[in-house]
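Observations on the model geometry
As a plain string of letters, each chain reads:
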Amino acid sequence: MTHEAAGVPTTRNDEDRQDNDRPDAPRPAAEAEDAPGTPDASGGADAAAGEAGGPEGARPRPEARLARAVQVAEQALIEFEIAVETFRVEVENFSRLHHQKLGPMYTRLDELDALIAEARAARTGDPEDERKAREARAVVMPMPEVEELFHDWMDTDGLSPEAAAMLTEQAVRPPKRVRPSEEARKLYRELARKAHPDLAQDEPERQRRDEFIARVNAAYGRGDVDVLKELVAEWAAGPVQPLAPLSESEELYARLEWLSRRKELLTVLAKELEDGAIGSMLRMAPDDPDQLLEDIAEQLLGEVSRREAELAEMVQ
């Protein structure tokens, strides 16, 4: 929505312009000097409301204008976030439907390509054809190993001992323990001496030390030397000091900067969604993505039929 700038006269016809050129002609309201308390376009109704209660001729506080800018930016960001999230959900849903409906067709095409390449290599015996056949077969998604499917619950010999014990209500063997290195033990002892909760002078400090030592114990239990070193540096830096309170203007400017960074991140996300394969497909048919799936499925079925015919001719 556009607004006329304050002090800019509206368009007049030639007859009005001639009348107003006379010395005794009244000046248009828009050309008159601004009356005290009259809001301009940048202040808007909120600025007028802020000036109404003040002394005659008072200007709105800079913080009031800044607060209004923050409010407008917040509303704009909310709308942008809604648009990006809506598109993300659409991409996610379309991706799932695309996989469910077209995934088997893509898999069949990959399998046919591999079979055709293998048949050609078997016929010619050409090393280059054999190489292409191996590459085509590698494209076909292999079946995962049993261990990958069951995440160590089952191996090629059956259930793992731990899984079998759990299912039969037998005692489960404790997990393997990591034996911390000498460096890890040294770092642990150093941290325990410095950060022990019994050294706290008050309850807040005790809670801080309790939380810190819990992290130290967890890192030591894993034998993680790198994390223990980071904890040493963190303790040496001391507790985080509370920041000095900001003025109203500083808080508003900080809020505007955060809103700007947030918008930049959302812009990057939106572009990634739009430039992705699924997002690009959605942009082709935003009003009827289901029909787009049907069209793609029909094309893939045609490709499958052609490859099957080609394979049948090669293996005759």
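The structure reproduced in this document is the subject of the present report. (Residues numbered from 1 in each chain as written. Predicted model: local features only at pLDDT ≥ 70, side-chain atom pairs only at ≥ 80, totals over all residues. Heavy atoms only, no water.)

**Some remarks on the side chain of Asp-129**
Among the secondary structure elements, Asp-129 is positioned in helix 4 (residues 127-139). Nearest to the buried, unbridged Asp-129 among oppositely charged side chains is Lys-132, at 4.9 Å. Of the polar contacts made by the side chain of Asp-129, one reaches the side chain of Thr-124; its length is 2.7 Å. What Asp-129 contacts, discounting residues up to four positions off in sequence, is Ala-117, Arg-120, Ala-121 and Thr-124. (Helix = DSSP H or I, 4+ residues; strand = E, 2+ residues; numbered from the N terminus. Buried < 20%, exposed > 50% of the residue type's maximum accessible area, 1.4 Å probe, protein only. Lys, Arg positive; Asp, Glu negative; His and termini not counted. Salt bridge = Lys/Arg side-chain N within 4 Å of Asp/Glu carboxyl O. Polar contact = N/O pair within 3.5 Å; in protein donor to acceptor, adjacent residues only side chain to side chain. Contact = heavy atoms within 4.5 Å.)

**Things to note about the pattern of salt bridges**
Counted according to the given criterion, the structure contains 24 salt bridges. Residues joined in a network through salt bridges with shared partners are Asp-113, Glu-303, Arg-306 and Arg-307.

**Considering the nonpolar core**
Val-91, Phe-94, Leu-102, Met-281, Leu-292, Ile-296 and Leu-300 are the most contacted members of the largest nonpolar core, which totals 22 residues. The leading source of residues in this core is helix 3 (residues 62-124), at nine residues. Those residues in contact with Val-91 that lie beyond four places of it in its chain are Leu-273, Ile-278, Gly-279 and Leu-282. The next biggest cluster of nonpolar side chains, apart from the first, holds 14 residues, and it includes Leu-187, Ile-213, Val-216 and Leu-228. (Core = buried A, V, L, I, M, F, W, Y, C linked by side-chain atoms within 4.5 Å.)

**Overview of the side chain of Arg-209**
In this structure, Arg-209 sits in helix 8 (residues 203-222). With relative accessibility at 10%, the residue Arg-209 sits in the buried group. At 3.1 Å, the side chain of Arg-209 and the backbone oxygen of His-196 are in polar contact. In this structure, Arg-209 is in contact with Lys-194, Ala-195, His-196, Pro-197, Leu-199, Ala-200 and Trp-235, ignoring residues within four places of it in sequence.

**Brief notes about the packing of helix 7 (residues 182-195) against helix 8**
In contact at an axis separation of 10 Å, helix 7 and helix 8 are set at 170° when each is read in the N-to-C sense. If you check the angle between helix 7 and helix 8, you find them roughly antiparallel. Contacts from Ala-184, Arg-185, Tyr-188, Leu-191, Ala-192, Lys-194 and Ala-195 in helix 7 reach Arg-209, Phe-212, Ile-213, Val-216, Asn-217 and Tyr-220 in helix 8. A class-by-class count of the residues in the contact of helix 7 with helix 8 yields nine nonpolar, one polar and three charged. (Axes fitted to C-alpha atoms, helices over the stretch in contact; angles between N-to-C directions. Parallel < 35°, antiparallel > 145°, perpendicular 65-115°, else oblique. Nonpolar A, V, L, I, M, F, W, Y, C, P; charged D, E, K, R; others polar.)

**Details of a negative patch on the surface**
Among the surface-exposed residues, Asp-287, Asp-288, Asp-290, Asp-295 and Glu-298 lie close enough to one another that they form a single negatively charged patch. Here Asp-288 lies in the loop between helix 11 (277-284) and helix 12 (289-314). (Patch = residues over 30% accessible without salt bridge, like charges linked within 9 Å, V, L, I, M, F, W, Y side chains within 5 Å. Areas by Shrake-Rupley, 256 points an atom, 1.4 Å probe, with all protein chains shown as cover. Charge placed at Lys NZ, Arg CZ, Asp CG, Glu CD.)

**Observations regarding the packing of aromatic side chains**
For the coordinates displayed, the defined rule picks out two aromatic pairs. Note on Tyr-188 and Tyr-220: the rings are 4.3 Å apart at their centroids and 15° apart in plane angle, and the pair reads as stacked. In this pair, Tyr-188 sits in helix 7 while Tyr-220 sits in helix 8, placing the two residues 32 residues apart along the sequence. On the numbers, 4.9 Å between centres and 40° between planes, the contact of Phe-212 with Trp-235 is tilted. (Phe/Tyr/Trp six-rings, centres within 6.5 Å; stacked < 30°, edge-to-face > 60°.)

Any link to function would need more than the numbers given here.
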